[in-house]
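Architecture and fold: a report
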Amino acid sequence: MICKAGFVYSEDFNSYRFRDDHPFNQLRVTMTKELLEVEQALQAEHFLKPRKATDEELKLIHSSKYIDAVKRASNGLLTEDEGMEYGIGTEDTPIFKGMHDASALLVGSTLTAIDAVLEGKYEHALNLGGGLHHGFERKASGFCIYNDGAVGIEYIRQKYNYRVLYVDTDAHHGDGVQWSFYDDPNVCTFSIHETGRYLFPGTGNVSERGLKEGYGYSFNLPIDAFTEDESFLELYESAFRDIVEFFKPDVIVTQNGADAHYYDPLTHLCSTMEIYERIPALAHELSHRYCEGRWIALGGGGYDIWRVVPRAWAQIWKVMTTNKPFAGSIPKSWKEKWQGKSPVELPDTWQDPSGIYKPIPRKDEITEKNRKVLEKSMQFIHNQKKYNNFT
């Protein structure tokens, strides 16, 4: 299967930069793009030039006062106390010059991807600059100033009136998107993430099911620390298939954080590159089965920008366009270019070798705990099926 897809990219994505030693580094987007180009998987005709989101578009999710605060912070005009009120100037989201324009570009890049697909120009679109899922109506959080995923979903609802399934495989719970649509029955959110017992933002429990008309349209799989590939994929595939059949979306939006990998410095999961082949493959399959191919994929977390993120994100594009992942050796020219900048040895192959971590002694216990999480999370759907069969 060869699909027509658009790749949203701008060198200006790198202007979203808090400070040199901050873990959020958009250099990973450039590295991924160049890896794809060296593999001759990305050509000039694939590129989509992003635009900056307007204030009116940002207001689909964010308050006017918050947008104004971000603008003032961009120019050094926000006081420290005001910054704390809006989550700006914290350790996670320090102020940097031009932060409004840089953030609005990331939102606009997601809107560019959405229009490219929903206007019928492409079947799929990939925006690795987006996926900032922690931003709230009036507060920055978790490296995220504006929430491009939430703005994008509301944009879809208002402009196209499509039912949206949002799937978040970042190791951190997709809290900002979930809460934005917690009472909306036309937006279904599904997040598989490391349990909040150990990890920011501490939310994403199975019991978070939605409110009012939106009850039953929020799904969370908080998996245990040290979860490995097999258990992650067992839960992801089973839940995704059940949820998409239950909700029957018009379009799928995925957030593809690459921080569930064992090498990631900010999380405690033990996945390998295997999950980053299967995650987009299932999204691709189900988008064609249920949504006539309408699939918008975003970036997200991922803090080992050298060994993990470029490989993981390149696989999204490869699967999106050809329905099969890269295999074999990483191009030598790409590795030679970036090795001098990397503090770690860059990988030689697309897949991880066996034994990158020691055996997990609690593997069976973790697997069983995760299965119970899956059963509890999917109970609502199973009850609905029984009810529908009975009536």
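What comes next is a walk through the structure.

Conventions we followed
- Residues numbered from 1 in each chain as written.
- Predicted model: local features only at pLDDT ≥ 70, side-chain atom pairs only at ≥ 80, totals over all residues.
- Heavy atoms only, no water.
- Helix = DSSP H or I, 4+ residues; strand = E, 2+ residues; numbered from the N terminus.
- Rg over C-alpha atoms; globule rule 2.2 N^0.38 Å.
- Buried < 20%, exposed > 50% of the residue type's maximum accessible area, 1.4 Å probe, protein only.
- Contact = heavy atoms within 4.5 Å.
- Areas by Shrake-Rupley, 256 points an atom, 1.4 Å probe, with all protein chains shown as cover.
- Lys, Arg positive; Asp, Glu negative; His and termini not counted.
- Charge placed at Lys NZ, Arg CZ, Asp CG, Glu CD.
- Pairing = 2+ DSSP bridges.
- Axes fitted to C-alpha atoms, helices over the stretch in contact; angles between N-to-C directions.
- Expected span 1.5 Å × (residues − 1).
- Polar contact = N/O pair within 3.5 Å; in protein donor to acceptor, adjacent residues only side chain to side chain.
- Phe/Tyr/Trp six-rings, centres within 6.5 Å; stacked < 30°, edge-to-face > 60°.
- Salt bridge = Lys/Arg side-chain N within 4 Å of Asp/Glu carboxyl O.
- Parallel < 35°, antiparallel > 145°, perpendicular 65-115°, else oblique.
- Left-handed = near helix turned anticlockwise from the far one by under 90°.

With that out of the way, let us pick up the overall build of the protein chain. From N to C terminus, the protein chain includes 12 helices and eight strands. Relative to a compact globule of 391 residues, whose C-alpha radius of gyration would be 21 Å, the protein chain shows 20 Å and is just as compact. With respect to the principal axes defined by its C-alpha atoms, the protein chain has extents near 60 × 50 × 45 Å. Residue burial in the protein chain is summarised as follows: out of 391 residues, 61% are buried. Of the contacts made within the protein chain by residues no fewer than 6 positions apart, 78% connect residues no fewer than 24 positions apart. With the model as given, the accessible surface of the protein chain reaches about 15,700 Å², and the carbon-plus-sulfur share is 49%. Computed over 44 positive and 57 negative side-chain charges, the separation of the two mean positions in the protein chain equals 2 Å.

Spatial ordering of the open sheet is given by β2-β1-β3-β8-β7-β4-β5-β6, a layout of eight strands whose pairing is parallel. The open sheet has two free edges, formed respectively by β2 (47-48) and β6 (218-223), since each of these has just one partner strand. Here three bridges tie strand β1 (residues 5-8) to strand β3 (residues 124-127), and the two strands are oriented parallel to one another. Opposite Phe7, over in β3, you have Leu126 as the bridge partner. Of the strands in this sheet, β1, β3 and β8 (295-298) are in contact with helix α10 (residues 309-322), which crosses β3 at around 170°.

For helix α6 (residues 148-160), which comprises 13 residues, the first-to-last C-alpha distance of 17 Å matches the rise-based estimate of 18 Å (1.5 Å per residue) to within 8%. For α6, the complete set of buried residues consists of Asp148, Gly149, Ala150, Val151, Gly152, Ile153, Glu154, Tyr155, Ile156, Arg157 and Tyr160. With a side-chain oxygen positioned 3.3 Å from the backbone nitrogen of Gly149, the residue opening α6 is Asn147. Looking one or two residues past α6, Asn161 carries a phi angle of roughly 55°, positive in sign.

Right, let's get into the packing of aromatic side chains. For the coordinates displayed, the defined rule picks out 27 aromatic pairs. Seen in terms of ring centroids, Tyr9 and Phe13 are 6.0 Å apart; in terms of plane orientation they differ by 75°. Their pairing is edge-to-face. Residue class for Phe13 comes out buried when judged on its relative accessible area of 1%. On the basis of an interplanar angle of 10° and a centroid distance of 4.3 Å, the ring pair of Phe326 and Trp350 is categorised as stacked. Here Trp350 lies in the loop between α11 (332-339) and α12 (363-390) and Phe326 lies in the loop between α10 and α11, a separation of 24 residues in the sequence. Each member of the pair, Phe326 together with Trp350, is buried. Put simply, the rings of Tyr16, Phe18, Phe24, Phe96, Phe143 and Tyr303 touch in pairs and so form one group of aromatic residues.

Bringing the pattern of salt bridges into the picture now. As a working rule, side chains carrying opposite charge can pair if their charged atoms are close by. For the structure on display, the rule yields 30 salt bridges. The salt bridge partner of Arg362 is Asp224, with a shortest N-O separation of 3.1 Å. A residue pair is termed long-range when its members are at least 10 positions apart, and Arg362 in the loop between α11 and α12 and Asp224 in the loop between β6 and α8 (229-247) qualify at 138 residues. Classification of Asp224 by relative accessible area gives buried; the value is 3%. In this structure, the salt-bridge partner of Arg371 is Glu234, at a minimum N-O distance of 2.9 Å. With a gap of 137 residues between them, Arg371 in helix α12 and Glu234 in helix α8 connect regions that are remote in the sequence. Judged by its relative accessible area of 39%, Arg371 falls in the partly exposed class. A single network of salt bridges, built from pairs that share partners, joins Arg197, Asp224, Arg362, Glu365 and Lys369.

To continue, consider the packing of helix α5 (residues 99-118) against α6. Following both chains from N to C, one finds α5 and α6 inclined at 40°, their axes separated by 9 Å at the closest point. By the angle between their axes, α5 is oblique relative to α6. Judged by the sense of rotation from one axis to the other, the crossing of α5 with α6 is right-handed. Along the contact surface, α5 presents Leu106, Val107, Thr110, Leu111, Ile114, Asp115 and Leu118, while α6 presents Asp148, Val151, Gly152, Tyr155, Ile156, Lys159 and Tyr160.

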